[in-house]
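# What the coordinates show
In case you want the letters, here they are:
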Amino acid sequence: LHRLYMVSHMKDEYKIKWEEAERELQEIKQWIDSGRNKFDSKTRYLISYAVIKASGTVEVVFKKIIYDFLSENVKEETAFYIEKMILDSSCNPNVGNMSNILQNISADLRRVFDDMVKQSGKKDKINSLVQLRNDFAHGECITVSIETVITYFEAAKEIILILENIVNKNYTDIETE
């Protein structure tokens, strides 16, 4: 078993994108919570948008973290290839896909990521957010509340921080029994 301690900050570029999505989700929540809007027909569309915005933000930031890690100090052609393979690809930002990408980079990174995600207890929430997006994309109705979407997005932030800190080696790995 490993105890991992990490820095709890996000690179400015990722933070700006994340905060923009957080603001939008809060604005949607405020609109829904005001007056009789909970019962307005537009509410379900706004919640569906919130799911897409939240999940899309997780995907963009997750892929950018991996791209930035892999493209540091490489030839221009290699960076271009990595950009096409990572940034321009379609990839659900669930924990399994993050873990698999890390496995392709380093078994140690994957091990540490998997341990940290397990310790966080947030895996189900980020995966639920991604599943909501997939359900909506395949014609299903989203029936969760805006509060649930925000809770899932907050959990996803913790997973993204874990990912960022692991690829940047901003943690201490202490063997415990």
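Bear in mind the structure is a predicted one, so any value in this text is a computation, not a measurement.

Here is what the cut-offs are and how they apply
- Residues numbered from 1 in each chain as written.
- Predicted model: local features only at pLDDT ≥ 70, side-chain atom pairs only at ≥ 80, totals over all residues.
- Heavy atoms only, no water.
- Phe/Tyr/Trp six-rings, centres within 6.5 Å; stacked < 30°, edge-to-face > 60°.
- Helix = DSSP H or I, 4+ residues; strand = E, 2+ residues; numbered from the N terminus.
- Buried < 20%, exposed > 50% of the residue type's maximum accessible area, 1.4 Å probe, protein only.
- Expected span 1.5 Å × (residues − 1).
- Contact = heavy atoms within 4.5 Å.
- Axes fitted to C-alpha atoms, helices over the stretch in contact; angles between N-to-C directions.
- Parallel < 35°, antiparallel > 145°, perpendicular 65-115°, else oblique.
- Left-handed = near helix turned anticlockwise from the far one by under 90°.
- Nonpolar A, V, L, I, M, F, W, Y, C, P; charged D, E, K, R; others polar.
- Core = buried A, V, L, I, M, F, W, Y, C linked by side-chain atoms within 4.5 Å.

So, on to the packing of aromatic side chains. In total, this model carries 1 aromatic pair according to the counting rule given. Consider the rings of W18 and F153, whose centres lie 4.4 Å apart with planes at 5 degrees: the pair is stacked. Taken together, the positions of W18 in helix α1 (residues 12-33) and F153 in helix α7 (residues 146-167) put the pair 135 residues apart, joining distant regions of the chain. The exposure classification of W18 matches that of F153, with both residues buried.

Further remarks concern the environment of D12. Structurally, D12 is set in helix α1. Given a relative accessible area of 57%, D12 falls into the exposed group.

Under the 1.5 Å per step criterion, the end-to-end length of helix α6 (residues 123-137) is 21 Å for 15 residues, consistent within 8% with the ideal 21 Å. Within the sequence span of α6, burial applies to I126, L129, V130, L132, R133 and N134. Where α6 is buried, its residues touch α2 (43-71), α4 (95-105) and α7.

Now for the packing of α2 against helix α3 (residues 76-87). Direction vectors running N to C along α2 and α3 enclose 160 degrees, while the axes themselves pass 10 Å from each other. Judged by the angle between their axes, α2 and α3 are roughly antiparallel. At the point where α2 passes α3, the crossing takes the right-handed sense. When α2 is examined against α3, the residues K63, K64, I66, Y67, L70 and S71 are found in contact with a partner set consisting of A79, I82, E83, I86 and L87. Per-class residue counts for the contact of α2 with α3 are 7 nonpolar, 1 polar and 3 charged.

What follows is about unusual backbone geometry. Of note, the phi angle at N73 is positive, near 60 degrees, even though the residue is not glycine. Turning to its location among the elements, N73 is positioned in the loop between α2 and α3. Looking at N73, the relative accessible area reads 77%, which means it is exposed.

V58, M98, F113, V149, I160 and L163 are the most contacted members of the largest nonpolar core, which has 47 residues in total. Where this core is concerned, the elements lending two or more residues are α1, α2, α3, α4, α5 (107-120), α6 and α7. Among the elements that make up this core, the one with the highest residue count is α7 (13 residues). Here I160 is in contact with M10, W18, V58, V61, F62, I65 and M98, once residues within four sequence places are set aside.

As for its placement among the helices and strands, W31 is situated in helix α1. For W31, a relative accessible area of 29% corresponds to the partly exposed category. Among all residues touching W31, those that are not within four sequence positions of it are N37, D40, K42, T43 and L46.

Further remarks concern the packing of α6 against α7. For the pair α6 and α7, interaxial distance at closest approach is 8 Å and the crossing angle is 120 degrees. The angle between the axes of α6 and α7 places the two elements in the oblique class. As for how α6 packs across α7, the hand of that crossing is left-handed. The segment α6 lies against α7, with K123, K125, I126, S128, L129 and L132 engaging V149, T151, Y152, F153, A155, A156 and I159. In terms of residue class, the contact of α6 with α7 is made up of 9 nonpolar, 2 polar and 2 charged.

The end-to-end C-alpha separation of α2 is 41 Å, in line with the 42 Å expected for 29 residues at 1.5 Å each. Backbone geometry just downstream of α2 places N73 in the positive-phi region, at approximately 60 degrees.

Just geometry here; none of it tells us what the structure is for.
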